[in-house]
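Chain and residue survey
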Amino acid sequence: MNSEEFQKKLKTYQEPLSISVSVSLSNYFDIIKYILDDFSNNKNIPIIYISATIPSKSISTVLDVYGIDSKKIFFVDCISHIMMSSTTYTDRTVFVESPTMLETIMLKAEYILNKYVMKNSLVIVDSINSLAIHNDMKILSEFLHLFVTYLRSRSAYFIILSMKEQSNNEISNILNFVSDEILEVE
Amino acid sequence: MEKVRERCLTGIEALDNILNGGIPKGNTVLITGSAGTGKTTLSIEFLVHGAMKGEKGLYISVTEASEKLLENLIVYDFFSKEMIQKGIIFIDIPEIYEKLGMNKLQFSMEDINLLIENIVKIVTEFNVKRVVIDSITSICYRLQTEEKIMEFILRLSKALSELGCTTFLVSELLPSAKGYSQYGVEEAVSDGIILLGNLERRGDLLRTLRVVKMRGTSHSRATYVLDITSIGILLVPLLKGGGELI
Ligand SMILES: Nc1ncnc2c1ncn2[C@@H]1O[C@H](COP(=O)(O)OP(=O)(O)O)[C@@H](O)[C@H]1O
Ligand SMILES: [Mg+2]
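Computed from a predicted structure; not experimentally measured.

Bringing the layout of surface pockets into the picture now. When its volume is computed, the largest pocket comes out at roughly 460 Å³. Surrounding the largest pocket, 20 residues form its lining, Glu110 of chain A together with Ile12, Glu13, Ala14 and Leu234 of chain B being those nearest its centre. Breaking the lining of the largest pocket down by element, the ones donating at least two residues are helix H4 (102–116) of chain A together with helix H1 (13–18), helix H2 (39–52) and strand S11 (232–237) of chain B. Considering each element in turn, the lining of the largest pocket owes the most residues, five residues, to S11 of chain B. A per-class count over the lining of the largest pocket returns 12 nonpolar, four polar and four charged. Here the second largest pocket is characterised by a volume of approximately 350 Å³.

Before going further, it helps to spend a moment on the site of ligand 1. Residue and element names in this part refer to chain B. Inspection of the region around ligand 1 gives 13 residues, with Gly36, Lys39, Thr40, Thr41 and Arg207 positioned closest. Contacts to ligand 1 include asparagine 72, whose backbone N or O atom sits 2.9 Å from a nitrogen atom. Separating a nitrogen atom of ligand 1 from a backbone N or O atom of isoleucine 74 is a distance of 3.1 Å. The fraction of the free accessible surface of ligand 1 (570 Å²) that becomes covered by protein chains is 61%.

Residue and element names in this part refer to chain A. It is the contact of helix H1 (residues 3–12) with helix H2 (residues 28–42), at a shortest axis distance of 10 Å, that shows an interaxial angle of 25°. Of the possible angle classes, the one that applies to H1 and H2 is roughly parallel. Crossing geometry of H1 relative to H2 is assigned as right-handed. Contacts between H1 and H2 involve Ser3, Phe6, Gln7, Leu10 and Lys11 from the former and Ile31, Tyr34, Ile35, Asp38, Phe39 and Asn42 from the latter. Tallied by class, the residues present in the contact of H1 with H2 amount to six nonpolar, three polar and two charged.

What follows is about the side chain of serine 40 of chain A. As for its position among the elements, serine 40 of chain A is in helix H2. Among all residues touching serine 40 of chain A, those that are not within four sequence positions of it are Ile45, Ile47 and Lys72 of chain A.

Moving on: the packing of helix H6 (residues 137–153) of chain A against helix H7 (residues 169–178) of chain A. All names here are of chain A. Remark: H6 packs on H7, axes separated minimally by 10 Å, with the N-to-C direction vectors making an angle of 20°. By the angle between their axes, H6 is roughly parallel relative to H7. Considering only the axes of H6 and H7, their crossing is right-handed. For the pair H6 and H7, the contacting residues are Met137, Ser141, Leu144, His145, Val148 and Arg152 in the first and Glu170, Ile171, Ile174, Phe177 and Val178 in the second. Along the lines of polarity and charge, the residues of the contact of H6 with H7 split into seven nonpolar, two polar and two charged.

Before going further, it helps to examine the interface of chain A and chain B. If you look at the interface, chain A gives 19 residues, while chain B gives 20 residues. Taking both sides of the interface into account, the surface hidden between chain A and chain B amounts to around 1,600 Å²; carbon and sulfur atoms contribute 61%. The largest per-residue losses of area from chain A upon contact with chain B belong to Glu103, Leu107 and Tyr111 of chain A, which jointly make up 36% of the total buried on that side. Between the two partners, chain A and chain B, sit three salt bridges. Residues lysine 115 of chain A and aspartate 77 of chain B are paired through a salt bridge, measuring 2.6 Å at the closest nitrogen-oxygen approach. The tally of links between chain A and chain B comes to 10 residue pairs in polar contact (both at pLDDT 80 or more). Elements with a minimum of two residues in the side of chain A that touches chain B: H4 and H6 of chain A.

A word on the pattern of salt bridges. Residue and element names in this part refer to chain B. Applying the stated criterion across every chain yields a total of 15 salt bridges over all chains. In this structure, glutamate 151 and arginine 155 form a salt bridge, with 2.8 Å as the shortest nitrogen-oxygen distance. Of this pair, glutamate 151 and arginine 155 both sit in helix H8 (residues 146–162), four residues apart, which is roughly one turn of the helix. Look at glutamate 151 and you get partly exposed, because its relative accessible area is 29%. Residue glutamate 162 is joined to lysine 158 by a salt bridge in which the shortest nitrogen-to-oxygen separation is 3.4 Å. Of the two residues, glutamate 162 and lysine 158 both sit in helix H8, four residues apart, roughly one turn of that helix.

Bringing the pairing of strand S10 (residues 224–229) of chain B into the picture now. Residues and elements named next belong to chain B. The buried fraction of S10 amounts to five of the six residues, a majority that puts the element mostly inside the structure. Note: strand S9 (residues 204–214) against S10, three bridges, orientation antiparallel. Along S10, the bridge assignment pairs arginine 207 with leucine 226. Note: S10 against S11, six bridges, orientation antiparallel. The residue bridging leucine 226 from the neighbouring strand is leucine 235, located in S11. Adjacent in sequence and paired antiparallel, S10 and S11 are bridged by two residues.

A separate point is the state of the cysteines. Residue and element names in this part refer to chain B. In total, this model carries zero disulfides over all chains according to the counting rule given. The cysteine cysteine 140 is free of any disulfide, with cysteine 165 supplying the nearest cysteine sulfur at 19 Å. The structure places no disulfide on cysteine 165, whose sulfur is separated from the nearest cysteine sulfur, that of cysteine 8, by 9.1 Å.

Now for H7 of chain A. Residue and element names in this part refer to chain A. Turning to H7, its buried residues number three or more, namely Ile171, Ile174, Leu175 and Val178. All buried residues of H7 lie within an arc of 100° about the axis, which places them on one face of the element. Exposed side chains of H7 directed beyond 90 degrees from the buried face belong to Asn169, Asn173 and Phe177. Buried positions along H7 lie against strand S1 (18–23), helix H5 (128–134), H6, strand S6 (157–163) and strand S7 (181–184). One side-chain oxygen at the N-terminal end of H7 lies 3.1 Å from the backbone nitrogen of glutamate 170; it belongs to asparagine 168.

Cut-offs used in this document
Residues numbered from 1 in each chain as written. Chains lettered and ligands numbered in written order. Predicted model: local features only at pLDDT ≥ 70, side-chain atom pairs only at ≥ 80, totals over all residues. Heavy atoms only, no water. 1 Å grid on protein atoms, 1.4 Å probe; cavity = no way out; pocket = protein on both sides within 12 Å on 5 of 7 lines; lining within 4 Å. Points joined across faces, edges and corners; volume = space filled by probe spheres on them. Helix = DSSP H or I, 4+ residues; strand = E, 2+ residues; numbered from the N terminus. Nonpolar A, V, L, I, M, F, W, Y, C, P; charged D, E, K, R; others polar. Near = heavy atom within 4 Å. Polar contact = N/O pair within 3.5 Å; in protein donor to acceptor, adjacent residues only side chain to side chain. Areas by Shrake-Rupley, 256 points an atom, 1.4 Å probe, with all protein chains shown as cover. Axes fitted to C-alpha atoms, helices over the stretch in contact; angles between N-to-C directions. Parallel < 35°, antiparallel > 145°, perpendicular 65-115°, else oblique. Left-handed = near helix turned anticlockwise from the far one by under 90°. Contact = heavy atoms within 4.5 Å. Buried area = accessible area lost by both parts, 1.4 Å probe. Salt bridge = Lys/Arg side-chain N within 4 Å of Asp/Glu carboxyl O. Buried < 20%, exposed > 50% of the residue type's maximum accessible area, 1.4 Å probe, protein only. Pairing = 2+ DSSP bridges. Disulfide = S-S within 2.5 Å. Arc of directions from axis to C-beta.

Next comes the structure, spelled out in C-alpha cells:
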C-alpha cells in the first residue's frame, strides 16, 4: 500500500491487535510519524516506544520537528548505552543496557504500563531487524511470542516495524507468527 | 482430593501466580541467594503487602541495623516509609540477645528456647501474621551444630505456623555454594525454597528467581528474570537463549 492508504488503514483500527509494518529506509520516519500521529493525536492512546535502531533522543528530536508532542510518548531505549550516545534521564525514558536484554525490555514495558498506563496503549518495536542484529532468531521469536501474548492480555496494540531492505525469510516467519496483520508500505 | 490450603499472598503478582495463588499460609520459606540478589528487598515487600492489608509484619534484623535498612529501602509508589514503620515491627536481634542475656558466642539449647519464646511472645502480643528473619544464616552461625540448627528452625516454624504466621528465613549463600543453604539443614527443614540469583548471558547480567520447593501447592519451577522497581518486584520468564547461573 502507499502511505495514504496506510494512514487510512490506521484510522480503521479500533480494537487492540498486533500489526507488523514493513517500511523502507526512504519512508521510515514518515511511517513512524503517521503511526504516532494517529495513536497519540487521533486515538489519544499512550505510546511505549522501544527504540533499538536509533537513540530515543534522536527520535524525540524528529518528532518535535514533525509537530508531534514527544512528551506523550514513553521510551524504552535499548540502543543509547551500546552506542555510547549521551543519555538524558527523564521520567519518560527508561534505558536498557543492551538490546540483548530482551527480558529487561519486557520488564520495563510492564513497569511503564503498570505505573502510568491503565489500558489501551500502543507498544512499538523499532525494529525487529535491529533486534535481530543483536539476538539469535530463536530467542527473538520466543521474546516476540511472549511479548505479544502479554500485550494481548493487557489489551494493548502492538506494532512491530521491519525494514524491507534488511528482511529475510526467518524474520518474515516470525512476523507471520506473531502478527494479526501484516502491512507493507511502499 | 487434596485439601486446598489457605494462602498468604506475597503481593508480588507474578510470584503469587508462579505459586498458583500464593504461599500456603503458615509455611516457613527459605529465601536464599548470594549477596545483592534481592533477598532483603523481596522480604520487605512481602511484609509491606501484608501491612497494606492490615496484617502486622515482624522484621528481625540480624546482620544490619534496621534503621540503616529503612534508609536505603527503595521508595515505593504505593506505600510510604511512614506507613511501613507503622505496619511493620523492626527489631534488631542484638537487642533481644542483650535482653535475654545471650552473650555467649555459641548458643546452648536453653538459649534457643529463650529466643523462640521471645519471638513467639512478640508475635502473639502484636498479632503478627508475617515474619522475616534476615538472615537465618547469621543465627545458624552461633548455633554451630546441625542438630541445634534443625531444632531451632523446626520449633520456630512450628510455633509460628500454629499462630497463623507465614515466615521468610533469609539465607546467605556464597556464590560458590552448592545446594541452597550454608549448613544444608536450613533447606531440608523449610517448607519452601525461593532461590534468587544472577545469570550471566553473553556479558549481560540478569537477576533471577526460581521457586525450588513449596509444600502445599503446585508451582512453576521455571527461572524468571526479576526487576526491582518503585512499583515492586516484577518478573518475566527467562528466555531459553542459553546462559549460565552464577
Ligand atoms: N533503594 C533502592 N533503589 C534501587 N535499587 C535498590 C534499592 N535497594 C536495593 N536495590 C537493588 O537491589 C539489590 C539487592 O538488594 P538486597 O535486597 O539488599 O539484596 P540481598 O538482601 O540479597 O543482599 C541491590 O544491589 C540494588 O541493586
Ligand atoms: Mg540482605
